[in-house]
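# Secondary and tertiary structure notes
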Amino acid sequence: MLNAKSASLAALAAIAVLAAPALAQRDPAFDAARAAGKIGEKVDGYVGIVGAETTELRRIVDDINIKRRAVYAERAQAKNATIEEYALTIGCQQILKTQPGEKYQAPDGSWQTRTAEPPIRHPKCP
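This is a predicted model, so every value here is computed, not measured.

### Some remarks on the confidence of the model for the protein chain
- Mean pLDDT over the protein chain works out to 85, with 79% of the residues at or above the 70 mark.
- Below a pLDDT of 50 lies the segment residues 11-24, which in the model reaches 24 contacts outside its immediate sequence neighbourhood of four places, other chains included.

### Things to note about the packing of helix H3 (residues 55-78) against helix H4 (residues 83-97)
- Between H3 and H4, the shortest axis-to-axis distance is 9 Å and the interhelical angle comes to 120°. In terms of orientation, H3 lies oblique with respect to H4. For the crossing formed where H3 meets H4, the hand is right-handed. Across the interface between the two elements, Arg 68, Arg 69, Tyr 72, Ala 73, Arg 75 and Ala 76 from H3 touch Ile 83, Tyr 86, Ala 87, Ile 90 and Gln 94 from H4.
- When grouped by side-chain class, the residues that make up the contact of H3 with H4 number 7 nonpolar, 1 polar and 3 charged.

### Things to note about the nonpolar core
- Phe 30, Ala 33, Ile 39, Val 47, Ile 49, Leu 57, Ile 60, Val 61 and Ile 64 form the largest nonpolar core, which has 9 residues in total.
- If you tally residues by element for this core, the top one is H3, at 4 residues.
- Ala 33 has contacts with Lys 38, Ile 39 and Leu 57, leaving out every residue within four places of it along the chain.
- Residues Tyr 72, Tyr 86, Ala 87 and Ile 90 belong to the second largest nonpolar core, which totals 7 residues.

### Quick look at the packing of aromatic side chains
- All chains considered together, the criterion is met by 2 aromatic pairs.
- Relative to Tyr 72, the ring of Tyr 46 lies with its centre 5.3 Å away and its plane at 65°, an arrangement referred to as edge-to-face. In this pair, Tyr 46 is assigned in the loop between strand E1 (39-41) and strand E2 (47-49) and Tyr 72 in helix H3, connecting sequence segments 26 residues apart.
- On the basis of relative accessibility, which here comes to 14%, the residue Tyr 46 falls in the buried class.
- A relative accessible area of 0% places Tyr 72 in the buried class.

### Thoughts on the packing of helix H2 (residues 28-35) against H3
- The geometry of H2 relative to H3 is characterised by a closest axis approach of 10 Å and an angle of 110° between their N-to-C directions. In terms of axis orientation, H2 runs roughly perpendicular to H3. The handedness of the crossing between H2 and H3 comes out as left-handed. From H2, Ala 29, Phe 30 and Ala 33 reach across to H3, where they touch Glu 56, Leu 57, Arg 59, Ile 60 and Ile 64.
- Residues that form the contact of H2 with H3 fall into these classes: 6 nonpolar, no polar and 2 charged.

Conventions we followed
Residues numbered from 1 in each chain as written. Predicted model: local features only at pLDDT ≥ 70, side-chain atom pairs only at ≥ 80, totals over all residues. Heavy atoms only, no water. pLDDT = per-residue confidence, 0-100. Contact = heavy atoms within 4.5 Å. Axes fitted to C-alpha atoms, helices over the stretch in contact; angles between N-to-C directions. Helix = DSSP H or I, 4+ residues; strand = E, 2+ residues; numbered from the N terminus. Parallel < 35°, antiparallel > 145°, perpendicular 65-115°, else oblique. Left-handed = near helix turned anticlockwise from the far one by under 90°. Nonpolar A, V, L, I, M, F, W, Y, C, P; charged D, E, K, R; others polar. Core = buried A, V, L, I, M, F, W, Y, C linked by side-chain atoms within 4.5 Å. Buried < 20%, exposed > 50% of the residue type's maximum accessible area, 1.4 Å probe, protein only. Phe/Tyr/Trp six-rings, centres within 6.5 Å; stacked < 30°, edge-to-face > 60°.

Laid out in structure tokens, this is it:
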């Protein structure tokens, strides 16, 4: 039987699937940096810079993360979850959606390149 925390994470996972379209990025600079492996999805639900930081990459990442945090705060409050719980759930979903060649953060914090195999998942992922 699921404990309350597991049930809560499972419910957040279901919600995350519905919330993912709201997190879609439309900035061509983001798409280009992601395709080039300069930006990747992090376990915590945000994006990060892979490798050398530039002013432009920092601007892109900060812009995306500010928008994500606003969405997470609103949705977490509506679901009686913490922002961190909600963000982790979205992070799990976003990492699952990465395509071969894209970067993502493994549970140990290292940056990985997605292959045809499933990504390495955080143990707390629903």
